[in-house]
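# Working through the structure, step by step
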Amino acid sequence: MIVSKYFSQSQLKGLSKAGDVLLPGTKTSPSFSSTGCMSHMDRMAAYLSEDDLSGLQMLLSLFRWTPKWKISLLFKLCNKSDKIPSFFGAALRMLEIGVKGAVFSLYYANVTKPGYEGPKVHDAIGWHPKLVLRDGELPGKKAKMNYENPNQKNVDAIYDRAKSGHKDLRQWPVKKRLEFITNLKAVILENQEKILDHVQADTGKSRFDAITAEIFGVLDFLDYLEKNAVKYLSDRKVATPFALMGKKSKVFFEPLGVALLISPWNYPFYQAIVPICQAFIAGNAVVFKPSSATPLKGLVEDLLQQADFRSGWVQVVYGQGSSVGDALVDAGPDKIFLIGSQAVGRHVMAKAAQHLIPIELELGGKDPMVVFDDVNIDRAVAGAIWGAFTTTGQSCTSVERLFIHENIYDTFKQVLVKETLKLTQKTDIDGSADIGPMCTQNQVKVIAAQVADAKEKGATFITGGSWDGKSDHIPPMIIEGVTSDMLIDRQENFGPLLPIYSFSGEAQAIELANDPEYGLSASVWSKNLKRADRVARAIYTGNVSINNVMLTEGNHALPFGGVQKSGFGRFKGEFGFYAFTNIKSVLVDKDSKKMEANWFPYTAKKYRIFSDLTRALYSPGKISSLVKGAIHGLRLETYVAGLSKNNKKR
């Protein structure tokens, strides 16, 4: 689907229909629509007057629903417009100049859509005029740019392109930006298996994990944008107080400029498309840096190009974070959004502070699952297994500490072990595996150190204890006897590790769940929803699921983010739009002769009247305060008007 700044989809279909009537193609030359030349329509429309543009829009809207034979008849009549009465003849001449001019100009300029490989018009007709393009590079065609380990000169060029892209993008209203989101949804669906192959090649995760978290989650988020972006990004009227009567107050949501997005390696597709589109829909150009461990090389930019995203709107930069990431931060984006580890978050935040760049961080968690003794054990066990081991435990909201009420601890543990041992682990191609290998060898080493430390300090590995400490197929591990001095208890477990603990009551469960460092997500399980709600409120965290696990991420209307060392800021949901906008307050007054009461000159009498007004407005009693406030307000206004007249006489 072509997206135009000036024409609706219906009008573009009318243009395509009219173009194919005028230029249906021959054995040697292509038809108008097959070349995709109308994807360049905006380049022409940008130079039309407002009247000519609106007239052309109206004609194309009519053509959308007019049969081709009637369009053909109209164009034949155009050739005889001089023999038709003036009013109708003039209309036909406008039709010929407007529509024929647009169609022939696009077609014979020999412009085509990106990727068109059919016969070229100029070759077919044997005529190659010299063309001068007024607006620089063609859509989809980029000047040579190095996005692989760019040096400082390359980085500067990338940001120059992004700034230019932002100037263009902010002129597109939100409704028009959403057409690109709709395009992208269609492109993702069309390329679903290719995307999954890419994700599996880079991460090794099971195909079912990949389709649910990476494909379905992304499409659901894009669907949320389609339904809500206009509402949340539209100008908003807000109340104006009595003291400012006669004035109006508004809030504008404007793009910040260029957003630098840095994503982790565990969900490379989801954590690319979701923040990119969140920033884009608000009108920002994006510089996106994926993890060097799972970069999905070339995939994101290919999909965006297929969806008709324009040059400079989104650029993907590859390389090590320690070098490329630093250069991208130092280049001065207008906003930084990072998902990663605490160490990386601290480093990027320190560099951003040097330039006073606003930043949002999502830095992982140590997520507790609290299970009370009134639950359905089979269901809670199934939730715990999936929550701990999905994506081989490599999720920032994985269950990392399982707290089970002492009354059901033994029974729960027995079922937990039995069901965990049923999991299949491999990299599959048909969706039959439960979990895959670890994504990176570096993370294998981190898990090996945590496991060795726990074993040395006396922890019991009920499952997975025979792992050799080297294989990237780390088996799911259920661990008892974990103490606070173990790495496995203090560090984030980005792997298939599930420490289990018992608790005796609600207060103890809350104390255990409130980890002193992290606060990203949690889950509370109880048939008693009042108790579950009470505990959910008491856990200091950014997200809580009740009688489910990791599900706050499944509702894109919910904001996502953490507290404490899990980071700060929110994306997704209504608040996610505002993470990438300048929220501008606007107060509108009429242009008049009226002077404000708080302006100079100050006098003793003005002070007394204003003091009476203040007491009247904010004293108890709504009706009496309004009546008295109106009286004193009128006194003040009359006095200020008199002062203004006297000043003019001086």
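One can find the structure itself at the top, above this paragraph.
Calculation notes
- Residues numbered from 1 in each chain as written.
- Predicted model: local features only at pLDDT ≥ 70, side-chain atom pairs only at ≥ 80, totals over all residues.
- Heavy atoms only, no water.
- Helix = DSSP H or I, 4+ residues; strand = E, 2+ residues; numbered from the N terminus.
- Buried < 20%, exposed > 50% of the residue type's maximum accessible area, 1.4 Å probe, protein only.
- Contact = heavy atoms within 4.5 Å.
- Areas by Shrake-Rupley, 256 points an atom, 1.4 Å probe, with all protein chains shown as cover.
- Phe/Tyr/Trp six-rings, centres within 6.5 Å; stacked < 30°, edge-to-face > 60°.
- Lys NZ or Arg CZ within 6 Å of the ring centre and 35° of its normal.
- Pairing = 2+ DSSP bridges.
- Axes fitted to C-alpha atoms, helices over the stretch in contact; angles between N-to-C directions.
- Expected span 1.5 Å × (residues − 1).
- Right-handed = clockwise from strand over helix to strand, strands pointing away.
- Lys, Arg positive; Asp, Glu negative; His and termini not counted.
- Salt bridge = Lys/Arg side-chain N within 4 Å of Asp/Glu carboxyl O.
- Patch = residues over 30% accessible without salt bridge, like charges linked within 9 Å, V, L, I, M, F, W, Y side chains within 5 Å.
- Core = buried A, V, L, I, M, F, W, Y, C linked by side-chain atoms within 4.5 Å.
- Parallel < 35°, antiparallel > 145°, perpendicular 65-115°, else oblique.
- Left-handed = near helix turned anticlockwise from the far one by under 90°.
- Polar contact = N/O pair within 3.5 Å; in protein donor to acceptor, adjacent residues only side chain to side chain.
- Nonpolar A, V, L, I, M, F, W, Y, C, P; charged D, E, K, R; others polar.

This next bit is on the overall build of the protein chain. For the protein chain, the count of helices and strands is 24 helices and 16 strands. Among the 650 residues that make up the protein chain, the fraction classed as buried is 50%. When contacts within the protein chain are restricted to residue pairs at least 6 apart in sequence, long-range pairs at least 24 apart make up 71% of them. Summed over its atoms, the accessible surface of the protein chain is roughly 31100 Å², and 57% of this surface lies on carbon and sulfur atoms.

This structure, assessed with the given rule, holds 20 aromatic pairs. Considering the side-chain rings of Phe 280 and Trp 313, the 5.7 Å spacing of their centres and the 45° angle between planes classify their relative orientation as tilted. Of the two residues, Phe 280 sits in helix H12 (residues 270–281) while Trp 313 sits in the loop between helix H13 (299–306) and strand S5 (314–316), which places them 33 residues apart along the sequence. Each member of the pair, Phe 280 as well as Trp 313, is classed as buried. Their ring planes at 75° and their centres at 6.5 Å tell us that Phe 309 and Trp 313 sit as a pair that is edge-to-face. Each member of the pair, Phe 309 as well as Trp 313, carries the same accessibility label: buried. Taken together, the aromatic side chains of Trp 172, Phe 180, Phe 280, Phe 309 and Trp 313 make up a single cluster linked through ring pairs. A cation over an aromatic ring shows up here: Lys 335 above the ring of Phe 580, its NZ or CZ 5.5 Å from the ring centre. When the ring centre of Phe 372 is taken as reference, the NZ or CZ atom of Arg 531 above it lies at 4.2 Å.

Take the sheet that holds strand S2 (residues 248–255) next. Read from one edge of the open sheet, 3 strands run S1-S2-S16, paired in antiparallel fashion. Each of the sheet's edge strands pairs with one partner strand only, and the pair in question is strand S1 (236–238) and strand S16 (581–588). Strand-to-strand twist in this sheet, taken as the mean axis angle between neighbours without regard to direction, amounts to 30°. The pairing of S2 with S16 spans 8 bridges and is classified as antiparallel. By the bridge assignment for S16, Lys 248 is matched with Val 588.

The next thing to look at is helix H9 (residues 174–190). The end-to-end C-alpha separation of H9 is 25 Å, in line with the 24 Å expected for 17 residues at 1.5 Å each. Most of H9 is tucked away, with 12 of its 17 residues classed as buried. Among all positions of H9, only Val 174, Lys 176, Arg 177, Leu 178, Glu 179, Phe 180, Ile 181, Asn 183, Leu 184, Lys 185, Val 187 and Ile 188 are buried. Close packing links the buried residues of H9 with helix H1 (9–22), helix H8 (152–169), helix H10 (192–203), helix H11 (207–233), H12 and H13.

This part takes up the pairing of strand S3 (residues 258–262). Every other side chain in a regular strand lies on the same face of the sheet, so the side chains alternate between the two faces. Burial of S3 is extensive: 5 of the 5 residues sit out of reach of the surface. Burial of S3 is two-sided: the residues Val 258, Leu 260 and Ile 262 facing one way and the residues Ala 259 and Leu 261 facing the other way are all buried. Relative to strand S4 (residues 285–289), S3 is paired through 5 bridges, and the arrangement is parallel. In the sheet register, Val 258 faces S4, and the bridge partner there is Ala 285. In this fold, the crossover linking S3 to S4 by way of H12 has right-handed handedness. Examined bridge by bridge, S3 and strand S6 (residues 335–339) share 4 bridges and lie parallel to one another. In the strand pairing of S6, Leu 260 is matched with Ile 336.

In this section: the sheet that holds S4. Sheet architecture is open: 6 strands sit in the order S5-S4-S3-S6-S7-S15, paired in mixed fashion. Of all strands in the sheet, those with a lone pairing partner are S5 and strand S15 (567–568), marking the two edges.

Further remarks concern the side chain of Asp 42. In this fold, Asp 42 is placed in helix H3 (residues 41–45). Summary of buried charges: Asp 42 has no salt-bridge partner, and the nearest side chain of opposite charge, Arg 310, is 4.5 Å away. Asp 42 has contacts with Val 3, Ser 4, Lys 5, Tyr 6, Phe 7 and Trp 172, leaving out every residue within four places of it along the chain.

By secondary structure assignment, the location of Gly 567 is in strand S15. Between the C-alpha atoms of Gly 567 and Val 640, which are 73 residues apart in sequence, the distance is 52 Å.

Looking now at the pairing of S6. Counting buried positions along S6 gives 5 out of 5 residues, so the element sits mostly inside the fold. Residues Lys 335, Phe 337 and Ile 339 point to one face of S6 and Ile 336 and Leu 338 to the other, with burial holding for every one of them. Where S6 and strand S7 (residues 359–362) come together, 4 bridges link them in parallel fashion. When the sheet's bridge partners are listed, Phe 337 is paired in S7 with Glu 360. Between S6 and its parallel partner S7, the chain crosses via helix H15 (residues 342–355), and the hand of that crossover is right-handed.

Here we take up a nonpolar patch on the surface. A contiguous nonpolar surface patch, about 320 Å² in accessible area, is contributed by Trp 69, Leu 73 and Leu 77. Turning to its location among the elements, Leu 77 is positioned in helix H5 (residues 68–78).

Turning our eyes to something else, we now look at the nonpolar core. Among the nonpolar cores identified, the biggest contains 63 residues, and Leu 184, Leu 222 and Phe 269 are the most heavily contacted of them. If you look at the next biggest cluster of nonpolar residues, it comprises 29 residues, including Phe 403, Val 451, Ala 459 and Phe 503.

Moving on, we get to the packing of H10 against H11. Relative orientation of the contacting elements H10 and H11 amounts to 115°, with a least axis distance of 10 Å. Considering their axes alone, H10 and H11 lie roughly perpendicular with respect to each other. When the axes of H10 and H11 are compared, the crossing they make is right-handed. Side by side, H10 and H11 meet where Gln 192, Glu 193, Ile 195, Leu 196, Asp 197, Val 199 and Gln 200 of the first sit next to Arg 207, Ala 210, Ile 211, Glu 214 and Ile 215 of the second.

With respect to the helices, strands and loops of the structure, Ser 29 is situated in the loop between H1 and helix H2 (32–35). In this structure Ser 29 comes out as buried when scored by relative accessible area, which is 13%. Of note is the side chain of Ser 29, whose polar atom sits 2.8 Å from the side chain of Thr 26. Once you skip the residues sitting within four places of it in the chain, Ser 29 turns out to touch Tyr 107 and Ala 124.

The next thing to look at is the packing of H10 against H13. Following both chains from N to C, one finds H10 and H13 inclined at 165°, their axes separated by 11 Å at the closest point. Here H13 runs roughly antiparallel to H10, going by the angle between their axes. For the element pair H10 and H13, the recorded crossing hand is left-handed. For the pair H10 and H13, the contacting residues are Lys 194, Ile 195 and His 198 in the first and Leu 299, Asp 302 and Leu 303 in the second. Residues of the contact of H10 with H13, tallied by class, amount to 3 nonpolar, 1 polar and 2 charged.

Bear in mind that shape data such as this cannot, by itself, settle questions of function.
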